[in-house]
Amino acid sequence: MNQSVSITYPGNITLTVKREDLLHPHISGNKFRKLKYNILQAKQEGRECLLTFGGAFSNHIAASAAAGKEYGFETIGVIRGEELKSKIDENPTLAFARKCGMRFKFISREAYRNKTDETFIESLRQEFGDFYLLPEGGTNALAVKGCEEILDEADAVFTHVCCAVGTGGTLSGIINSAKAEQKVIGFPALKGAGLSDDICKFARKGCWELVEDYHFGGYGKVSETLITFMNDFFDTAGILLDPVYTGKMFFGVTDLIHKGYFPENARILLIHTGGLQGIAGMNKELMRKKLPIIKTS
């Protein structure tokens, strides 16, 4: 699944991309990994419905809906933003999830902050009946277990492993499975996320670091500089990146190479965690703002 992007930088630094985005057409990348053992657990418990949380363009919502359709579960998405209720057809992510059979409950952003509150969860059980709960972003102990399978023995040749970070579950799994001599570097997509404590809940001791300088203003925020970089990378390497996670991570790695962060002869593995389904929605927003759009062909 590794695909060399055939880019070598001064100092004999090389980049290789692990194409997790190719795992499944709709349950791609880290979402496939996070859902794997949760789906098995839900089946073992005899559950028939999956309930989870997400925003308007959530990769997790799209993947959970697709997984429900493929593995025979009803799915319910609790969506942040009441205004989206009348805009499902205008939103590629929600339209896809509904096509997969997902039912929605749209709530205010204020109410959404209660997504982990036991009283709120119980109110959802009263409304929808019994369900298997998937947290926002899909991160729990079973998700981390799945993400521990991202790296394999063939990846031991790399000196550095880089990954975008949302809730921290994927990075935790990578830290757990990395070799002692490898350095794992996470690039948070959220501004001021305070993720270190969350990662430490799941990750065993290892050599890892968060680089928090490449969020481009916060979750879902992009700039013309980022889009230009992504399009140039697509033209050069033939690999499509997503603007929320992998695009920012790839930009960060490249920038750090130019700044001398990596030592000579570094062999860097970049984990492509998928998320490409969100490009359609982002391009609609970019066109509205009269900014360049992300190339897809």
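Residues numbered from 1 in each chain as written. Predicted model: local features only at pLDDT ≥ 70, side-chain atom pairs only at ≥ 80, totals over all residues. Heavy atoms only, no water.

### Some points on the packing of helix 9 (residues 224-237) against helix 10 (residues 246-258)
Packing of helix 9 against helix 10 leaves a shortest axis separation of 10 Å and a crossing angle of 85°. If you check the angle between helix 9 and helix 10, you find them roughly perpendicular. Side by side, helix 9 and helix 10 meet where Thr225, Leu226, Phe229, Met230 and Phe233 of the first sit next to Gly247, Lys248, Phe250, Phe251 and Thr254 of the second. Residues belonging to the contact of helix 9 with helix 10 are distributed by class as follows: six nonpolar, three polar and one charged. (Axes fitted to C-alpha atoms, helices over the stretch in contact; angles between N-to-C directions. Helix = DSSP H or I, 4+ residues; strand = E, 2+ residues; numbered from the N terminus. Parallel < 35°, antiparallel > 145°, perpendicular 65-115°, else oblique. Contact = heavy atoms within 4.5 Å. Nonpolar A, V, L, I, M, F, W, Y, C, P; charged D, E, K, R; others polar.)

### Some points on the sheet that holds strand 4 (residues 74-80)
The strands making up a sheet are joined through hydrogen bonds of the backbone, oriented either antiparallel or parallel. Read from one edge of the open sheet, four strands run 5-4-3-6, paired in parallel fashion. Each end of this open sheet is capped by a strand with a single partner; those strands are strand 5 (103-107) and strand 6 (132-133). Bridge count for strand 3 (residues 49-54) against strand 6 is two bridges, and the pairing is parallel. Counterpart to leucine 51 in the pairing with strand 6 is leucine 133. (Pairing = 2+ DSSP bridges.)

### A closer look at unusual backbone geometry
The phi angle at asparagine 12 is positive, at roughly 60°, despite the residue not being glycine. If you trace the backbone, asparagine 12 turns up in the loop between strand 1 (2-9) and strand 2 (13-19). With relative accessibility at 47%, the residue asparagine 12 sits in the partly exposed group. One non-glycine residue, asparagine 265, lies in positive phi territory at about 70°. Here asparagine 265 shows up in the loop between helix 10 and strand 10 (267-272). Accessibility expressed as a relative area gives 41% for asparagine 265, which makes it partly exposed. (Buried < 20%, exposed > 50% of the residue type's maximum accessible area, 1.4 Å probe, protein only.)

### Remarks on the environment of lysine 284
Tracing the chain through its elements places lysine 284 in helix 11 (residues 279-288). Lysine 284 sits 192 residues away from proline 92 along the chain, and the two C-alpha atoms are 9.6 Å apart. Beyond its immediate sequence surroundings of up to four residues, lysine 284 is in contact with Glu90 and Pro92.

### Topic: the pattern of salt bridges
Counted under the stated rule, the structure contains 22 salt bridges. A salt bridge links aspartate 21 to arginine 19, with the nearest nitrogen and oxygen atoms 2.7 Å apart. Arginine 19 carries the same exposure label as aspartate 21, and that label is buried. Between aspartate 89 and arginine 98 there is a salt bridge whose closest N-O contact spans 2.3 Å. Accessibility expressed as a relative area gives 39% for arginine 98, which makes it partly exposed. Among the charged side chains, a network of salt bridges with common partners joins Glu45, Arg47, Arg125 and Asp130. (Salt bridge = Lys/Arg side-chain N within 4 Å of Asp/Glu carboxyl O.)

Interpretation in functional terms is not warranted from these geometric data alone.
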